[in-house]
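Here are the chains, one letter per residue:
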Amino acid sequence: MYKIVDENWQRVLANYIQSEEYKELIQFVDYEYKNSTVFPPKELIFNAFNLTAFSDVKVVIIGQDPYHGLGQAQGLCFSVPDGVKQPPSLRNIVKELVSDVGIDISKNGNLMNWAKQGVLMLNAILTVREKQAGSHQKHGWEEFTDEVIRKISENKKNCVFILWGNYAQKKASLIDENKHLIIKGIHPSPLSAHRGFFGSKPFSKTNDYLTINKKDTINWEVSHENVKQQTLF
């Protein structure tokens, strides 16, 4: 069984979760898992919500859909499990982290540490067929995650929304800029990163805003633990 376990998430999303649209989405997802190879593992579909309680959300990073290769997706946008080679966009994120906030370079790509500090690692689409990027678009996930963004904007204040690339930036219309900080930037993909992602300093800007608003800052360190070096090169 897969579900959101945090009671506050359940409360703020209750109306949508009880809607016919959401029930149809879950029926589609169940069918796909039974008849195709789908990522992430079913028990990790709502990993972002179960690692970051609604009351803890301070930062939201928005991706598009999960990695579609075997063993990569873990229900957190841009993140991969320990020992899995960093995908290209994540490698560029780590490069900018080193430049921006001076963390030690890591070959690991597990960003679970961020999620546990209040960074909601939200893909707009939460599932995908193996080797078929975008295959679960327009089946209901977008409406669900749009509702998530709206509820954060409405019910919280002084959060940071990091929107990399045109797809994520379209979500800005769901966010109240009078209550929150929106950081728009170039996507970290190798196709675009050199056009302004490098040097954009999103991580220090986030912590500066959290400090001004008397919130704990994020330790952006990427875990070095449990990394099997032979899988990373």
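Everything in this summary refers to the structure shown in the same document. (Residues numbered from 1 in each chain as written. Predicted model: local features only at pLDDT ≥ 70, side-chain atom pairs only at ≥ 80, totals over all residues. Heavy atoms only, no water.)

1. A word on the overall build of the chain
Scanning the chain for helices and strands turns up 9 helices and 6 strands. By residue count, 54% of the 233 residues in the chain fall in the buried class. Looking at the chain alone, contacts between residues at least 24 apart form 70% of all its contacts between residues at least 6 apart. With the model as given, the accessible surface of the chain reaches about 11300 Å², and the carbon-plus-sulfur share is 47%. Within the chain, the 26 negative side-chain charges are centred at a point lying 3 Å from the centre of the 28 positive side-chain charges. (Helix = DSSP H or I, 4+ residues; strand = E, 2+ residues; numbered from the N terminus. Buried < 20%, exposed > 50% of the residue type's maximum accessible area, 1.4 Å probe, protein only. Contact = heavy atoms within 4.5 Å. Areas by Shrake-Rupley, 256 points an atom, 1.4 Å probe, with all protein chains shown as cover. Lys, Arg positive; Asp, Glu negative; His and termini not counted. Charge placed at Lys NZ, Arg CZ, Asp CG, Glu CD.)

2. Thoughts on the sheet that holds strand 3 (residues 119-123)
The strands making up a sheet are joined through hydrogen bonds of the backbone, oriented either antiparallel or parallel. In spatial order, the strands read 3-2-5-6; together these 4 strands make up an open sheet with parallel pairing. Whereas interior strands pair on both sides, the edge strands pair on one side only; in this sheet they are strand 3 and strand 6 (181-185). Averaged over all pairs of adjacent strands, the angle between strand axes in this sheet comes to 20°, irrespective of strand direction. As paired strands, strand 2 (residues 59-63) and strand 3 are joined by 5 bridges and run parallel to one another. Residue pairing across strands places Ile62 opposite Leu122, the latter belonging to strand 3. The sheet strands contacting helix 9 (residues 202-212) are strand 2, strand 5 (160-164) and strand 6, and the helix crosses strand 5 at an angle near 165°. (Pairing = 2+ DSSP bridges. Axes fitted to C-alpha atoms, helices over the stretch in contact; angles between N-to-C directions.)

3. Quick look at the nonpolar core
Formed by 68 residues in total, the largest nonpolar core has its most connected members in Trp9, Phe46, Phe49, Ile61, Trp114, Phe144 and Ile152. Residue contributions to this core peak at 6 residues, all from helix 3 (residues 20-35). When sequence neighbours within four positions are dropped, the list of residues in contact with Ile61 reads Cys77, Phe78, Trp114, Val119, Leu120, Met121, Leu122, Ile162 and Trp164. (Core = buried A, V, L, I, M, F, W, Y, C linked by side-chain atoms within 4.5 Å.)

4. Concerning the environment of Arg150
Residue placement: Arg150 occurs in helix 7 (residues 141-155). For Arg150, a relative accessible area of 30% corresponds to the partly exposed category. Arg150 sits 24 residues away from Leu174 along the chain, and the two C-alpha atoms are 5.5 Å apart. In this structure Arg150 touches Glu143 and Leu174, once residues within four positions along its chain are discounted.

5. Quick look at the pairing of strand 5
Two faces, one strand: in a regular strand the side chains alternate between the faces of the sheet. Buried residues dominate strand 5, accounting for 5 of its 5 residues. The side-chain alternation of strand 5 yields two buried faces, one formed by Val160, Ile162 and Trp164 and the other by Phe161 and Leu163. The pairing of strand 5 with strand 6 spans 5 bridges and is parallel. Following the sheet pairing, Leu163 is matched in strand 6 by Lys184.

6. Regarding the packing of aromatic side chains
Each aromatic ring pair is summarised here by two numbers: the centre-to-centre distance and the angle between the ring planes. Using the criterion set out here, one finds 18 aromatic pairs in the structure. When the ring of Trp9 is compared with that of Phe54, the centres are 5.0 Å apart and the planes differ by 75°; the resulting orientation is edge-to-face. Separated by 45 residues along the polypeptide, Trp9 in helix 1 (residues 7-12) and Phe54 in the loop between helix 4 (47-51) and strand 2 bring together distant segments of the chain. We note that Trp9, like Phe54, is buried. Sitting over the ring of Phe54, Lys156 keeps its end group 5.2 Å from the ring centre. (Phe/Tyr/Trp six-rings, centres within 6.5 Å; stacked < 30°, edge-to-face > 60°. Lys NZ or Arg CZ within 6 Å of the ring centre and 35° of its normal.)

7. Re the state of the cysteines
For the structure on display, the rule yields 0 disulfides. For Cys77, which is in no disulfide, the shortest distance to another cysteine sulfur is to Cys159 and amounts to 15 Å. Residue classification places Cys77 among the buried residues on the basis of a relative accessible area of 0%. Its relative accessible area of 0% is what places Cys159 among the buried residues. (Disulfide = S-S within 2.5 Å.)

8. Looking at helix 3
Over its 16 residues, helix 3 runs 23 Å from end to end, which matches the ideal 22 Å to within 8%, given 1.5 Å per residue. Among the residues of helix 3, those classed as buried are Tyr22, Leu25, Ile26, Phe28, Val29, Glu32 and Tyr33. Down the axis of helix 3, the smallest arc covering the buried residues is 160°, so these residues share one side. Turned more than 90 degrees from where helix 3 packs its buried face, Glu20, Glu24, Gln27, Tyr31 and Lys34 sit exposed. Residues of helix 3 that are buried sit in contact with helix 2 (14-17), strand 1 (38-39), strand 4 (128-129) and helix 7. (Expected span 1.5 Å × (residues − 1). Arc of directions from axis to C-beta.)

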